Amino acid sequence: QVQLVESGGGLVQAGGSLRLSCAASGRTLSRYYMSWFRQAPGKDREFVATIPWSGTRTWYAASVKGRFTISRDNAKNTVDLEMDSLKPEDTAVYYCASDDRLLLTTRPWYQYAYWGQGTQVTVSS
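Residues numbered from 1 in each chain as written. Predicted model: local features only at pLDDT ≥ 70, side-chain atom pairs only at ≥ 80, totals over all residues. Heavy atoms only, no water.

Visitor: Would you explain the packing of aromatic side chains in this entry?
Guide: Each aromatic ring pair is specified by the distance between its two centres and by the angle formed by the two planes. By the definition in use, this model includes nine aromatic pairs. Centroid distance Y33 to W59: 6.5 Å. Interplanar angle 65°. Geometry classified as edge-to-face. Of this pair, Y33 sits in strand β4 (residues 33-39) while W59 is found in strand β6 (residues 59-60), placing the two residues 26 residues apart along the sequence. Among the residues examined, Y33 registers a relative accessible area of 23% and is labelled partly exposed. On the basis of an interplanar angle of 80° and a centroid distance of 6.2 Å, the ring pair of Y95 and W115 is categorised as edge-to-face. (Phe/Tyr/Trp six-rings, centres within 6.5 Å; stacked < 30°, edge-to-face > 60°. Helix = DSSP H or I, 4+ residues; strand = E, 2+ residues; numbered from the N terminus. Buried < 20%, exposed > 50% of the residue type's maximum accessible area, 1.4 Å probe, protein only.)

Visitor: What should I look at first to understand the state of the cysteines in this one?
Guide: Covalently bonding the sulfur atom of one cysteine to the sulfur atom of another cysteine gives a disulfide. Here the structure, examined in full by the defined rule, presents one disulfide. Two residues, C22 and C96, share a disulfide whose sulfurs are 2.1 Å apart. With the S-S dihedral at roughly -80°, the linkage between C22 and C96 falls on the left-handed side. Here C22, found in strand β3 (residues 18-26), pairs with C96, found in strand β9 (residues 92-99); they are 74 residues apart in sequence, far enough to count as distant. (Disulfide = S-S within 2.5 Å.)

Visitor: Please explain the environment of Y32 as it appears in this structure.
Guide: Within the secondary structure, Y32 is located in the loop between β3 and β4. Spatially, the C-alpha atom of Y32 lies 33 Å from that of A14, the residues being 18 residues apart in sequence. The residues touching Y32, leaving out its near neighbours within four places in the chain, are V2, R27, P52, W53, S98, D99, D100 and Y114. (Contact = heavy atoms within 4.5 Å.)

Written out as structure tokens, the structure is:
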């Protein structure tokens, strides 16, 4: 079992920055991949980024590559998403997810094993 709790959402102007954090707990975290997804009103949940709990490789959706950075702090058991140059179209509920498989977008979002409750990010124009 893995428990995930997101924090750090809020309201920001276009061009601004925001940092989300996901606190993870559970056994054997080292074998999991940690991901961020987002869901805008009326749209399907979409992949944003993934990082393994062990290792340095990262993966990003094309829409956020170069603007968002995923990172982890093993000592604190947190996975962060630094979001820069935010756009109104980044407005969504952002979710932290975890699975012991590297799924990225090869499987539907609902096949990820563990989810947080989500945190709202609103970017005003």
